[in-house]
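# Secondary and tertiary structure notes
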Amino acid sequence: MGNFSYKCVAISVDVDSENDSFVAVEHAYEKVLNNVAEENWELIKIDTLSFPPKENNYATNDVAVATKISKVLIFRKTNSDKQEVTQLLCPACKNEISIDDDYCENCALKLT
């Protein structure tokens, strides 16, 4: 897991028999996916957590009972991009150098 960073985003909705609930779920997914895609996160898994109605919430055939459903979207991205940006190496000896260095302190190679 050292090469990846992970991010979890939860989406919870109350689902009932109306079609509007599915439209709300669709918009919630779309919003999350577009937001994390801008930050180069890759969707790898979706877990589902469901919570049954409370025991005192009895329903007849005429009444719809809402069930709480939560989705956890799991994203990852590689850490290699961060390492390349923050760490510069001398082309000759592979010693770590600073962007401000004119010469490598290890092998005296002229860098600029």
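Look up: the structure comes first, before these words.
Residues numbered from 1 in each chain as written. Predicted model: local features only at pLDDT ≥ 70, side-chain atom pairs only at ≥ 80, totals over all residues. Heavy atoms only, no water.

## Some points on the nonpolar core
Going by this rule: We define a nonpolar core as any set of buried Ala, Val, Leu, Ile, Met, Phe, Trp, Tyr and Cys residues linked to one another through side-chain atoms lying within 4.5 Å. Only protein chains enter the calculation, and the probe is 1.4 Å; a residue is then buried if its accessible area is under 20% of its type maximum, exposed if over 50%, and partly exposed in between. Comment: elements are numbered from the N terminus, with helices defined as DSSP H or I runs of at least four residues and strands as E runs of at least two.
In this structure, Val-9, Ile-11, Tyr-29, Val-32, Val-36, Trp-41, Leu-73 and Phe-75 together form the largest nonpolar core, which totals eight residues. Going through the elements one at a time, β1 (4-15), α1 (20-37) and β3 (67-78) are the ones with two or more residues in this core.

## Quick notes on the pattern of salt bridges
Note that side chains of opposite charge can pair when their charged atoms are close. The criterion, for reference: Should a side-chain nitrogen of Lys or Arg be within 4 Å of a carboxyl oxygen of Asp or Glu, the pair is scored as a salt bridge.
In this structure the tally under the stated criterion is three salt bridges. For the salt bridge of Lys-45 with Asp-47, the shortest nitrogen-to-oxygen distance reads 3.6 Å. By relative accessible area, which is 29% here, Asp-47 ends up partly exposed.

## What to know about unusual backbone geometry
In this structure, Asn-40 takes a positive phi of about 65 degrees despite not being glycine. Tracing the backbone through its elements, the reader meets Asn-40 in the loop between α1 and β2 (42-51). If you check the backbone angles, Ala-108 has positive phi at about 65 degrees while not being a glycine. Along the chain, Ala-108 falls in the segment after β5 (96-97).

## Some thoughts on the environment of Asp-100
With respect to the helices and strands, the residue Asp-100 is situated in the segment after β5. The class for Asp-100 is exposed, based on a relative accessible area of 64%. C-alpha separation for the pair Asp-100 and Leu-111, spaced eleven residues apart in sequence, amounts to 9.5 Å.

## A few points about the state of the cysteines
How we decide: Any two cysteine sulfur atoms within 2.5 Å of one another count as a disulfide.
Counted by the stated rule, this structure contains zero disulfides. Unpaired in this structure, Cys-90 has its nearest cysteine sulfur neighbour in Cys-107, at a distance of 3.7 Å. With a relative accessible area of 1%, Cys-90 lands in the buried category. Exposure remark for Cys-107: the relative accessible area of 33% places this residue in the partly exposed category.

## With respect to the packing of aromatic side chains
This is how it is decided: Aromatic contacts are taken between Phe, Tyr and Trp rings whose centres are within 6.5 Å, Trp giving its six-membered ring; a plane angle under 30 degrees counts as stacked, one over 60 as edge-to-face, and the others as tilted. Over a ring means this: the NZ of a Lys or the CZ of an Arg is within 6 Å of the ring centre and within 35 degrees of the ring normal.
Applying the stated criterion to the full structure yields one aromatic pair. Ring plane angle 55 degrees and centroid distance 6.3 Å describe the contact between Phe-4 and Tyr-6, whose orientation is recorded as tilted. Here the guanidinium or amino end of Arg-76 rests over the ring plane of Phe-4, the centre of that ring lying 4.2 Å away.

## Thoughts on a nonpolar patch on the surface
Cut-off, in case you're wondering: Patches draw on residues past 30% relative accessible area with no salt bridge. Two like charges within 9 Å are joined, as are two nonpolar side chains (Val, Leu, Ile, Met, Phe, Trp, Tyr) within 5 Å. All accessibility values rest on the Shrake-Rupley procedure with a 1.4 Å probe; residue burial counts only the protein chains present in the view.
Taken together, the side chains of Leu-33, Leu-43 and Ile-46 make up a nonpolar region of the molecular surface, amounting to roughly 210 Å² of accessible area. Inspection of the secondary structure puts Leu-43 in strand β2. Leu-43 sits in the partly exposed class, given a relative accessible area of 38%.

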